[in-house]
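Summary of structural features
What follows is the residue order along each chain.
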Amino acid sequence: MNRQEEIKQAQEHFARLLDEQYARIDNMRQADRPVDYTMKEKIIIGVGGGDGIGPYITAWAKEVLDFLLADEVKAGRIVFREIEDLTLEERIKAGKAIPDGPLEALKMCDVILKGPTTTPRAGDGVNVESANVAMRRELDLFANVRPVKVPQLGIDWTFYRENTEGAYAVGSKGIELADGLGVDFTITTQAGSERIIRAAFDYAVRSGQNRLTVVTKANVIKTTDGMFLQTAKQMAGEYPQVVLDDWYIDIMTAKLLDDKRRRDFKVVVLPNLYGDIITDEAAEIQGGVGTAGSANIGNRYAMFEAIHGSAPRMVEEGRAAYADPSSMLRACVMLLEHIGQIEKAAQLAMALDICTLYDRQFVITGRKDGSSAEAFCKYVMQVVQDKELAHRYAQYTQS
Ligand code: IPM
Ligand code: MG
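The written sequence of each chain sets the order in which its residues are numbered from 1. As a convention, the first chain written is A and the first ligand written is 1, with the rest following in written order. Thresholds applied to this predicted model are a pLDDT of at least 70 for local features of residues and 80 or more for the giving and counting of side-chain atom pairs; totals over whole chains, interfaces and linings are not thresholded and use all residues. Side-chain metrics rest on all non-hydrogen atoms present in the structure, leaving aside hydrogens and water.

We define a salt bridge as a contact between a side-chain nitrogen of Lys or Arg and a carboxyl oxygen of Asp or Glu at a distance within 4 Å. For the structure on display, the rule yields 29 salt bridges. The partner of R263 in a salt bridge is D259, and the shortest N-O contact between them spans 3.4 Å. According to the relative accessible area criterion, R263 is partly exposed, its value standing at 38%. According to the relative accessible area criterion, D259 is partly exposed, its value standing at 36%. Each of K40, D110 and R300 takes part in salt bridges that share partners, so that together they form one network. Each residue is placed in one exposure class: buried if its accessible area under a 1.4 Å probe, protein chains only, is under 20% of its type's maximum, exposed if it is over 50%, and partly exposed if it falls in between.

Right, here's the structure in full:
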């Protein structure tokens, strides 16, 4: 093929991408209203273990949820449903990021607890998109909410990562042309920016923080990041009580390490890829990516997961049972909040704080010298019931 033909094919490909994006914009404009879980008679929680360490930490997180929700499950108000075949092997077999069976099963649930799934890389022999990315798109889970708290350092951050656009929207649909020319695309829509930025503003108000930081690289990535930043600035007029500031991603990454500055950040809203990167950094400051949970929220569905990957190396090295389940347990806190189980969410959050900050009898190191996920989770369930310990912890945090 000569270069002109290459370019023509690429143009056709590009036109298809634009068509798809216009269809997305139309869908976003007709969006459902968010589900009100207090009005639902029955809530179905789908559980998928994923790959690598996923099945181990998910099974234990599910055990803790079962324990906390025992009454609701008995009364039939909450139903757990296992999502099968969401594994790498099945995805490779079907040649799809999410095979049809599991996708249908996911759509029959209200909320999902999902273990990490392995994403094949370009060059791994299969070209399947990440199951995470596909699920976020298929279920239109546009808000990726990632809290990071380190009370002793005065850190209380909540990241609102845009979850369906940016570099991820068509990440597996780049173009490779002759003579070694590769092109990927990044996509921002006004509708997509508005909904995530609104979610972040609303949270800034609801949480009483009344501060919002928007992070982009709008000085260089002018069109897409420019649109995101402009949208935030325009919407600020609707939220006079919220102080909005804007930072570029590079200096923001540095400032998360600046002890004097970082306490000022509270709620942070940012495009997909920056959100991906900076939340790993933030989680590391909290004690490692194994300590952070993540909520993927849409209007109809919501999915809760760890922020990290499936760590196949830990399985290969025989350390799967020692993987930190805290990430999944933190995800469970957000799941409980999302379905209106506020008190149980608070109980679990406090038990996790106690077990990781105060009464550290079971310390996870990811290795055999540390606690297993099983021992840790059993202790968490014990702590949830220990009123006297909760009381002592409350006194300790006030002193
Ligand atoms: C995350 C993960 C995913 C992402 C991967 C597994 C595709 O890193 O949830 O942050 O990049 O979003
Ligand atoms: Mg990530």
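Moving on from the coordinates now.
Note: interface size is frequently given as the accessible area lost on complex formation between the parts. The domain limits used here are those given by an automatic or database domain assignment. Taken domain by domain, the protein comprises domain 1 (31-141 + 298-399) and domain 2 (145-288). Just the C-alpha atoms count here: the centres of domain 1 and domain 2 sit 24 Å apart. What makes two residues a contact is simply this: any of their non-hydrogen atoms within 4.5 Å. On the domain 2 side, the residues contacting the 10 residues of domain 1 number 15 residues. When two parts are put together, the accessible area they lose, computed with a 1.4 Å probe and summed over both, is reported as buried area. A combined buried area of about 1,000 Å² lies between domain 1 and domain 2, and 51% of that area is made up of carbon and sulfur atoms. Looking only at domain 1, the three residues that lose the most surface to domain 2 are R136, I307 and M334, adding up to 47% of its buried area. Put simply, domain 1 and domain 2 have one salt bridge between them. Between D140 and R195 there is a salt bridge; the shortest N-O distance is 2.9 Å. The definition of a polar contact used here is a pair of N or O atoms within 3.5 Å, where within protein one atom must be able to donate a hydrogen and the other to accept one, and adjacent residues in sequence count solely through side-chain atom pairs. The interface formed by domain 1 and domain 2 holds two residue pairs in polar contact (both at pLDDT 80 or more) in total. Considering every element that reaches the side of domain 1 that touches domain 2, the biggest residue donor is helix 6 (residues 131-138), with three residues. In this classification, Asp, Glu, Lys and Arg are treated as charged, Ala, Val, Leu, Ile, Met, Phe, Trp, Tyr, Cys and Pro as nonpolar, and every other residue, Gly included, as polar. Looking at the side of domain 1 that touches domain 2, its residues break down into five nonpolar, no polar and five charged. Each helix corresponds to a stretch of at least 4 residues labelled H or I by DSSP, and each strand to a stretch of at least 2 residues labelled E; elements are numbered beginning at the N terminus.

Tracing the sequence through the fold places L352 in helix 13 (residues 342-358). On a C-alpha basis, the gap between L352 and M28 in space is 37 Å, while along the polypeptide they are 324 residues apart. Every residue in contact with L352, bar those within four places of it in the chain, is listed here: L329, R330, V333, F376 and V380.

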